[in-house]
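Okay, here's what each chain looks like letter by letter:
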Amino acid sequence: MSRLEELQDELKILTTTYKNILEGGQEFQTRAGRVKQANLSDVKAQINAVRAEIAELTSASNGMTDTIRLKWGGVG
């Protein structure tokens with residue numbers, strides 16, 4: 001699995017997590033006491049980081065990069 005595919009899968013999971021937190025709330029009361037779920041802002045920050053990395057991988061080079069070795073001063 002390529003890095004791009006891994007990031008796309010992670011983005012799907014994070015988006016689902018974000019939606020679940022929005023629907024269920026971040027904190028709720030049970031008989032045993034208050035339960036706090038994942039922090040919504042942390043999930044949103046992680047989503048943005050994954051989207052930025054996906055954008056970086058798919059920009060101009062379409063996910064493909066070339067490495068060119070240059071000689072400088074006889075070294076390389």
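Just so it is clear, the model here is predicted, and its values are computed rather than measured. (Residues numbered from 1 in each chain as written. Predicted model: local features only at pLDDT ≥ 70, side-chain atom pairs only at ≥ 80, totals over all residues. Heavy atoms only, no water.)

Some words on the overall build of the chain
Okay, so step 1: The helix and strand tally for the chain stands at two helices and two strands.
Okay, so step 2: Starting at the N terminus and ending at the C terminus, the chain contains elements arranged as α-β-β-α.
Okay, so step 3: By residue count, 13% of the 76 residues in the chain fall in the buried class.
Okay, so step 4: Carbon and sulfur atoms form 53% of the exposed surface of the chain, whose accessible area is close to 6300 Å². (Helix = DSSP H or I, 4+ residues; strand = E, 2+ residues; numbered from the N terminus. Buried < 20%, exposed > 50% of the residue type's maximum accessible area, 1.4 Å probe, protein only. Areas by Shrake-Rupley, 256 points an atom, 1.4 Å probe, with all protein chains shown as cover.)

Comments concerning helix α1 (residues 3–24)
Okay, so step 1: Taking 1.5 Å per residue as the helical rise, α1 with its 22 residues ought to reach 32 Å, and the 31 Å between its terminal C-alpha atoms agrees with that figure.
Okay, so step 2: Along α1, the positions that sit buried rather than exposed are Leu-7, Leu-11, Leu-14 and Ile-21. When α1 is viewed along its axis, its buried side chains cluster within an angular range of 95 degrees and face the same direction. Turned more than 90 degrees off the buried face of α1, the exposed positions are Lys-12, Ile-13 and Glu-23. (Expected span 1.5 Å × (residues − 1). Arc of directions from axis to C-beta.)

What to know about the pattern of salt bridges
Okay, so step 1: This model, assessed by the stated rule, comprises two salt bridges.
Okay, so step 2: Ionic pairing is found between Arg-3 and Glu-6, a salt bridge with its closest N-O pair at 3.5 Å. Here Glu-6 and Arg-3 lie together in helix α1, a separation of three residues that amounts to about one turn.
Okay, so step 3: Residue class for Arg-3 comes out partly exposed when judged on its relative accessible area of 40%.
Okay, so step 4: For Arg-3, the salt bridge identified is with Glu-53, shortest N-O distance 3.1 Å. Highlighted residues: Arg-3 in helix α1 and Glu-53 in helix α2 (residues 40–58), separated in sequence by 50 residues.
Okay, so step 5: Each of the salt bridges in this network shares a partner with another, and the network as a whole consists of Arg-3, Glu-6 and Glu-53. (Salt bridge = Lys/Arg side-chain N within 4 Å of Asp/Glu carboxyl O.)

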